Amino acid sequence: MKVPIFPLNAVLFPGGLLPLRVFEARYMDMTRDCMKRDKPFGVCLIREGSEVGAPAVPEAVGCLANILEWDMQQLGVLNLKTRGGQRFRILEHKSDAQGLISADIELIPPDKSMAVPEEYAGCARLVEMVVLDQGKPIFAEPHAFDDSAWVGYRLSEILPIPLLAKQKLLELTDSAARLSILQRFLESRGLVVAS
């Protein structure tokens, strides 16, 4: 499977919402093409380089982004609302003359669906509290407070974790291991979540 890659200083998780402001010609063209063909693009954390200018070097694992909504309130700036799809691994990538990266990817199977283990029930409660406290939707529906992968991805998005650590959490294929790391992070910050 071949997809265009949007390297960002952000990590997109499956089911996660990511608003984007697109203004560079290469990404305007990419967005237009994806919308025309109803295809996703890949979001990868930048390993080397920056979001603008010369093509950045992306991390090897990223997440497909599906465009949910778009608008252009300011000429030359496209506002996108995207949602994370399936994770993928880049097998090979290259840049075109415009600096747009395209990659041959293999999809990473979704984490097996499993209930949140009792010892991590506090993590699920924390996500529920965030949803109730926000008053506005910060997570796409449907909410799955009893699903290990969903709870782990949402915590990974909202906790103040360094980007490289978020990348490692994205790459994990064991949702219980992801919750274990997140719970240890919470405990290290004195946010012990009682089971």
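Treat the numbers as computed from the prediction; the structure is a model and nothing was measured.

**What about the side chain of arginine 154?**
Thought 1: Structurally, the position occupied by arginine 154 is in helix α3 (residues 148–158).
Thought 2: Overall, the relative accessible area of 1% leaves arginine 154 in the buried class.
Thought 3: One polar contact links the side chain of arginine 154 to the main-chain carbonyl oxygen of proline 14, over a distance of 2.8 Å.
Thought 4: Excluding residues that lie within four positions of it along the chain, arginine 154 makes contacts with Phe13, Pro14, Gly15, Gly16, Val127 and Phe139.

**Brief notes about unusual backbone geometry**
Most peptide bonds adopt trans geometry, and most residues besides glycine take a negative phi value.
Thought 1: That bond from glutamate 141 to proline 142 is cis: its omega, -5°, falls within 30 degrees of zero.
Thought 2: Note that proline 142 resides in the loop between α2 (121–134) and α3.

**Some remarks on the pairing of strand β1 (residues 2–8)**
Look at any regular strand and the pattern is simple: side chains alternate between the two faces of the sheet.
Thought 1: Of all seven residues that make up β1, six are buried, and the element is covered over most of its length.
Thought 2: As judged from the four bridges shared by β1 and strand β7 (residues 101–107), these two strands associate in the antiparallel manner. Looking at β7, one finds that isoleucine 5 is bridged to isoleucine 101.
Thought 3: As defined by bridge partners, β1 adjoins strand β3 (residues 41–48) across four bridges and the pair is classed as parallel. When the bridges of β3 are listed, proline 7 appears paired with cysteine 44.

**Section: the packing of aromatic side chains**
Thought 1: Summed over all chains, the structure comprises five aromatic pairs.
Thought 2: Plain terms: the ring middles of phenylalanine 6 and tyrosine 27 are 4.1 Å apart, the flat faces sit at 10° to each other, and that makes the pair stacked. With phenylalanine 6 in strand β1 and tyrosine 27 in helix α1 (residues 25–37), the pair connects residues that are 21 residues apart, well separated along the chain. Take phenylalanine 6 and tyrosine 27: they sit in the same class, and that class is buried.
Thought 3: Between phenylalanine 6 and phenylalanine 41, the ring centres sit 6.0 Å apart and the planes meet at 50°, which makes this aromatic pair tilted. Remark: phenylalanine 41 occurs in strand β3 and phenylalanine 6 occurs in strand β1; sequence separation between them is 35 residues.
Thought 4: Note on phenylalanine 41: relative accessible area 0%, which makes it buried.
Thought 5: Taken together, the aromatic side chains of Phe6, Tyr27 and Phe41 make up a single cluster linked through ring pairs.

**Some points on α3**
Thought 1: For α3, the tally of buried residues reaches nine of 11 residues, placing the bulk of the element in the interior.
Thought 2: Listing the buried residues of α3 in full gives Ser148, Ala149, Trp150, Val151, Gly152, Tyr153, Arg154, Leu155 and Ser156.
Thought 3: Those residues of α3 that are buried lie in contact with β6 (77–95), α2, α4 (163–171) and α5 (175–188).
Thought 4: Two to three positions downstream of the cap, the backbone nitrogen of alanine 149 sits 3.2 Å from a side-chain oxygen, assigning the N-cap of α3 to aspartate 147.

**Here's the deal with the nonpolar core**
Thought 1: Cys123, Val151, Leu155 and Leu159 are the most contacted members of the largest nonpolar core, which has 25 residues in total.
Thought 2: Of all the secondary structure elements, the ones that give two or more residues to this core are α2, α3, α4 and α5.
Thought 3: For this core, the leading source of residues is α3, giving five residues.
Thought 4: Aside from chain neighbours lying at most four places away, what touches valine 151 is Val116, Cys123, Ala124, Val127, Ala144, Phe145 and Leu179.

**Focus on the pattern of salt bridges**
Two side chains carrying opposite charge are able to pair once their charged atoms lie near each other.
Thought 1: Applying the stated criterion to the full structure yields 10 salt bridges.
Thought 2: Aspartate 33 is paired through a salt bridge with arginine 37; the nearest N and O atoms lie 3.2 Å apart. Residue aspartate 33 and its partner arginine 37 are located together in helix α1, separated by four residues, close to a single helical turn.
Thought 3: Overall, aspartate 33 belongs to the partly exposed group, its relative accessible area being 31%.
Thought 4: Overall, arginine 37 belongs to the partly exposed group, its relative accessible area being 46%.
Thought 5: Its salt-bridge partner being lysine 168, residue glutamate 171 comes within 3.8 Å of it at the nearest N-O pair.

Reading the values: the criteria
- Residues numbered from 1 in each chain as written.
- Predicted model: local features only at pLDDT ≥ 70, side-chain atom pairs only at ≥ 80, totals over all residues.
- Heavy atoms only, no water.
- Helix = DSSP H or I, 4+ residues; strand = E, 2+ residues; numbered from the N terminus.
- Buried < 20%, exposed > 50% of the residue type's maximum accessible area, 1.4 Å probe, protein only.
- Polar contact = N/O pair within 3.5 Å; in protein donor to acceptor, adjacent residues only side chain to side chain.
- Contact = heavy atoms within 4.5 Å.
- Pairing = 2+ DSSP bridges.
- Phe/Tyr/Trp six-rings, centres within 6.5 Å; stacked < 30°, edge-to-face > 60°.
- Core = buried A, V, L, I, M, F, W, Y, C linked by side-chain atoms within 4.5 Å.
- Salt bridge = Lys/Arg side-chain N within 4 Å of Asp/Glu carboxyl O.

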